[in-house]
Every structure is written in structure tokens, then in C-alpha cells.
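Letter by letter, the chains look like this.
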There are 2 protein chains.
Amino acid sequence: MMRIGVVGGGQLGRMMAEAGAGFDARFTFLDPSDSACAALHGRHIQAGWEDQAAHESLIANSDVVTFEFENIAAEAVTRLAEQCPAFPPAKALATAQDRWAEKSLFRSLGIPLPQVARVDSQADLDAAVAEIGLPAVLKTRTLGYDGKGQKVLREATDVAGAFAALGKAPLVLEGFVDFDHEVSVIAVRGRSGEVRVWPLVRNEHRQGMLHCSIPQPGHPLQALAEDYAHRVLAELDYVGVMAFEFFVTGDALLANEIAPRVHNSGHWTIEGAETSQFENHLRAIADLPLGAVAPLVPCAMLNVIGAFPDRRAVLEVPGTRWHDYGKAPRPGRKIGHITVLASSEEQLSERIAAVESLLVNDLG
Amino acid sequence: MMRIGVVGGGQLGRMMAEAGAGFDARFTFLDPSDSACAALHGRHIQAGWEDQAAHESLIANSDVVTFEFENIAAEAVTRLAEQCPAFPPAKALATAQDRWAEKSLFRSLGIPLPQVARVDSQADLDAAVAEIGLPAVLKTRTLGYDGKGQKVLREATDVAGAFAALGKAPLVLEGFVDFDHEVSVIAVRGRSGEVRVWPLVRNEHRQGMLHCSIPQPGHPLQALAEDYAHRVLAELDYVGVMAFEFFVTGDALLANEIAPRVHNSGHWTIEGAETSQFENHLRAIADLPLGAVAPLVPCAMLNVIGAFPDRRAVLEVPGTRWHDYGKAPRPGRKIGHITVLASSEEQLSERIAAVESLLVNDLG
């Protein structure tokens, strides 16, 4: 038995609980929503993210606390971590919450990244555009995800008033990267410092949301990605799963962002790897030896967004596995995913195409 | 979403619920125990197996009802099945509950089996011993499992009074089989008649309880076992997972028994096969297409009986997966299992040996 407290009660917490079943783990989720989908698998404390009484209740029910939602004030995390083992560390959450802090971390560790400038005013923006050039992407420093809180600037007319258009919040301007493709790397670090890194994953986005993730065992940039991951994990004295997103340009990796939690691009590991990201996250925070992360067979993950395809038709495609998060369908909402397993790369491509033809992903 | 009612709330129901998570399945378990371990994953109706009000409540909460415990009176199952889709069919449960009916089914389908005689009195027993010879195994026709309700007769003195010693219940006498090893086959049949058969599994028992199961892909008797499985499944118009136990003698298979449910010797499929026995059981009863059943990597399952080994030490053996059923430890009780995955047969043997050296299985 182990008692796990999770800040956040969405699908990431839900799949964490599913991975904890073999450990007879008991979960408590803190989430303000009355329909937190993880609540199916544990106790649900319905309260604000930083509600102190809720934190006390979470701690009272947990041997260790973790996060599937990272946008909670760093001070609240620090206070929580003073009362109970809590991973990942507050510093990692604070860094990931702030794009400027995140980019600065990459730079300080010698990890290449796109051109970037800090933007706290329209004047800063004008200066940054002059330096970086167009096109470029203007992003809020905090609270952006799935393409929200960002704006692509293509020509001079897009620049005028853009600072105000993004709410006069602290921003960063990122140089546009003419990348070959996007990859992510999921890594896990245990309380003892042990690190495991799953194979690099190729990601395809549509309308700013992740559409498809395909692990790429043997990718020529694997060693480089692992090197970068090790640097960040060690610097943050990290515990748990972390996701790293990179742009691939030729034989270089440019760091885009980190997520201090289990990640959508790692869902394929549930069926496709020796140990899933969810199980290894639990092993890490519970101070257990980490599981091996080798891929088992060619596989892919396709997100289900807004509406489910016909379940029978999908399951008639061989090698498919259905993941319904139990969330109310809504345009643009991630409500599930489908894993596709195959015995060869060619067969995998055929099966992905078959599933894609059935998807009715409605981005609203 | 699917609503599943399960008669029985032990580890088989618990793992069924774990497999149902991706379908957003909601489970209700009927079990008289106040500590039914499946209750962690759903609603628990605590009542007798044949309690009519409990059956009504189960049906009200379920789109389909299934069984993880088969020793419930056939009439109760028949009544239940009249009110709600319920699988497997009552006839299959009734057959599996009665060793004589089971052996008669094998015989009627041309499936070889050990010598067997029906024993309803000491006189029957004496006649059966004269015909079959010694050693032989005397078993109750109903309610035997894990070596309970049976007695090995080695010499004439064991025969005298043996009918009374087993409670004067209806019995069968089975000829002793000098087998090479024991195997089981897990098969699943959908509501449409579609059948899938996992690879044959080699089982090792200790003190009458299953100790270890190792799938044997490519076993020379696979086709024969599948043929026998198909005959039984079709005859019973079966829906769901069924386990078949055979003795291997040279190039023959002798049928030992069937279990009309998911089975301990199929637990390796959770990590080791394209689709687990639990998921395919749910797909079958919910009338969804069945998943592929090919094995992914060399693997094995070791039961945890009575007491857990050191968790950290087990997880330090690469490729191990921990399954704690959340049951109170008690001598001779199955409280969990450990799956071992490997990349070669040789590595698998090493890892099995490493885990076995850690087991403290206490058979009381």
C-alpha cells in the first residue's frame, strides 16, 4: 500500500492511479472541478489549488504528494513541501511556469534554444522584433498551454499593439524555428538520483494541440537529448517524470519547453514500453527502483479531441487500445487517446492511417 | 462508458476493473466478504452469492453481468441471465462446477482425458479403483480448487473409508497421469462467435497451488490445444474468457479441467500480450471486437502466496512488475503476483531465478 496525494484531478492523475493499482496505491486528488475525471479512482478534495485547508487534508491522506497540474503558486508548493514529501520540487514547477526562467535555465546549462527575448512592454517587443526578426512567436511567460496564450507575428502590422493584445502580461518573443519536426523526450529521476529516459518521440501538432506521438527508438539524436535531460534533472534535483520538448533542425536539438509532470506525448508507454511513464513516476516519488523503459513494439498514440470516433470501428483495427478519460466531450477538449501497436513500422503506418481516417477530432 | 456487474469481488474482479479503466467502465461487485479487494475499484454489494435482492441491485447498476467466482447455484445464474445480459452462460458455469459433467463434456467432444469414474459410494470407489488402478486421485465433484477437496490414493489402505473421508459427497476418481508437465490455454470467445487463443502456458504447482506460469509461444501442441478449446467454446455457446488445463504426455494433451472465467495462469497477459485476458473478457461480454493476443516479449508470472517478498529487492530485478491485490496476508492465500519480462529466454530464466530467491511464499 502507498498513499499518494495529487494536485490536479484530470486524465494525467487518472492514469497515474491506474498505474498505481499494482502497488495497491490509494489516491487523493485536489481539484476545484466538480467533474475531475481522476475522482473515479480515489478520494476527491474539491477546493482551490492553493486552498490551505485542502492542502492539509491532502497531506493528512498522503505519504507523498505530487502534481499533474503545475500552475499552482510556487509559494503554495513550497509550503506544502515543508509539511510532507512532495515531488517534483517547487523549483522545477516555478521554472516550468515561467518561460523566461525556463529559457534562462536552458541557456545556463549550455542547451541550445531558439532566439528569445524578454518582453515587458511594447517597447521591449519592438526592440526584440528588431533583433530577432519576423516571423516570431509572442508568448505569455506564464499559464500558456496547448497553443493558448500565444500569437504568431508574421509582419510589422502584427507587432503593433501585440503587447496589449496578450493582456500586457510579461511575455517572451521567440524566434521562428524552421524545424524539421518536433520531438519530446520523457525522462524520470528517482529520489536516489537514478535516471531513465524513454526513446525520443516524434510529435505532430494540429491547431496547436498534440495530435499524434510516435516513439523513435534508435533516433540519431537520442544520446544528445538524454544529455540535455540529465543536465536539467540534475540542476533541479528533480524527482519524478519530466517531459522535454525540442525542435529538430538537421542534427541539432533546440529546447522548446519542459513540463514537470507526466506528459501527453508519453501515453504510448502504457502499452508500448517495459514500464510506463505513470508507473515510473510513482516509483520515483515513492523511492522505489525505477523500471526499464525500452520500447516493446512499434507503436503510436493518437489524441481524441472533442468527440470520440466510432469505438467498434477503431477496435476493429488490429492493435488498437482505447483510452476514454470519462470527460464530457467539448470542442477542442482532450477526452481520450488511442494507442496503436504493430509488429513492424510498415504495419504501424497502415494502422495509424486506418485510425486517423476514423477520427472526428473536433477542434471547435 | 460501460457498466459491468461482477459476481465475485476478489483479485480477478479487481484486475478486470483495472482493464476496464480505458473504457471508462463502472463496476459493481457482489461479494459477501466485507473486505472484497475489488471494492477499491467500484461499488460493492455485500450480500450472499444467491441473494435475490442483491442480484436485482447488481442488474440495476449494470449493462452486462459477469462472474469471477463460478460456484454459484446454476439456477441463480439462470434467473439472473433472464433479467440482464450475463456471460458466460449458466450452462458453462454448471458444467465447470461439476467434475463429472466437465469430464463428460470432454468425452462427448472427443477430447482425450485421464481415466475417470463417477463415485457416489464406497462401493463405487472400490469398483473404480479395481478398474483404474492405483495411484489415483479422488476428488469432490463440486467446490474443489487449489488442491482442496481432493485426496491422492496410493495404496489399498488409502482406499478404505476414503468416500467417508471426503464427506460422502459425490466424487470422481481420476487415474494418475504420469505427465511431463501441466499447461493451460486461455481462450476468449466474443458474442459474435469470434475466438482468440493466447499461447499455451506451462504451469508449475507447489502444494497444489499455482506457483509459476510461463507462456510458451510456438509450442508444438498449440494447434491441438486450440482445436480442443474451439470445440468446448462452441458447444457451450460461450462468451468471455475460459481457461483450459491440460496434462502434457508426449505429444498428447489430456484435459484436466476448465475454468469459466479469467484465470491465474493468464495474469502474464497484462504486460506480456498485445491484449490481456481481462481486457478481452470485457470486450467479449460488451460485444466489442476482440484484441490481438500475440505475446510481446518472453515473460513469466510468479504467484505471491501468504506473504510478500521485499518489494524493493524484487523491483531491483530488471523487468519485474508488482501486483499487490490489497488482501490481508494469510498463510496459503494468494495476495499478489509478480510479472517478469525479459528480452530473451535466457535472461528470463535468470530473472525468474532472481525473483524466486526472494519469494517467501508461506503455504502455512
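Refer to the structure above for everything that follows.
This one's a predicted model, so the numbers in the text were calculated from it and none came from an experiment.

Draft legend 1. Fine view of the relation of the copies chain A and chain B. Its rotation angle being 180 degrees, the transformation that places chain A on chain B also includes 0.0 Å of axial translation and leaves an RMSD of 0.0 Å. Taken together, the rotation and translation describe the operation of a two-fold axis. Interface residue correspondence from chain A to chain B reaches 100%, placing this contact among same-surface, isologous pairings.

Draft legend 2. Representation of the sheet that holds strand 8 (residues 171-175) of chain B within the structure. Residue and element names in this part refer to chain B. With antiparallel pairing, four strands are arranged side by side in an open sheet as 5-8-6-7. Two strands close off the open sheet at either side, each with one partner strand: strand 5 (116-119) and strand 7 (150-153). Along the sheet, successive strands turn relative to each other by an average axial angle of 20 degrees, direction set aside. Sheet analysis places strand 5 next to strand 8, joined by four bridges and oriented antiparallel. Across the sheet, Val 116 pairs through a bridge with Glu 174, a residue of strand 8. Against the sheet, helix 5 (residues 99-108) contacts strand 5, strand 6 (136-140), strand 7 and strand 8, and its axis sits at roughly 145 degrees relative to strand 5.

Draft legend 3. Examining the packing of aromatic side chains more closely. Within the structure shown, the criterion is met by 12 aromatic pairs over all chains. Residues Phe 27 of chain A and Phe 29 of chain A carry aromatic rings whose centres are separated by 5.8 Å and whose planes lie at 10 degrees to one another, so their mutual orientation is stacked. Taking relative accessible area as the criterion, Phe 27 of chain A reaches 4% and is therefore assigned buried. A relative accessible area of 0% places Phe 29 of chain A in the buried class. Each ring, one from Trp 49 of chain B and one from Phe 69 of chain B, has its centre 4.0 Å from the other, and the planes form 10 degrees; the classification is stacked. Here Trp 49 of chain B, found in the loop between strand 3 (42-45) and helix 2 (52-60), pairs with Phe 69 of chain B, found in the loop between strand 4 (64-67) and helix 3 (74-83); they are 20 residues apart in sequence, far enough to count as distant. Chaining the aromatic ring pairs together yields one cluster made of Tyr 228, Phe 244 and Phe 246 of chain A.

Rules used throughout
Residues numbered from 1 in each chain as written. Chains lettered and ligands numbered in written order. Predicted model: local features only at pLDDT ≥ 70, side-chain atom pairs only at ≥ 80, totals over all residues. Heavy atoms only, no water. Least-squares fit on C-alpha atoms with pLDDT ≥ 70 in both. Contact = heavy atoms within 4.5 Å. Pairing = 2+ DSSP bridges. Helix = DSSP H or I, 4+ residues; strand = E, 2+ residues; numbered from the N terminus. Axes fitted to C-alpha atoms, helices over the stretch in contact; angles between N-to-C directions. Phe/Tyr/Trp six-rings, centres within 6.5 Å; stacked < 30°, edge-to-face > 60°. Buried < 20%, exposed > 50% of the residue type's maximum accessible area, 1.4 Å probe, protein only.

None of this, on its own, says anything about what the molecule does.
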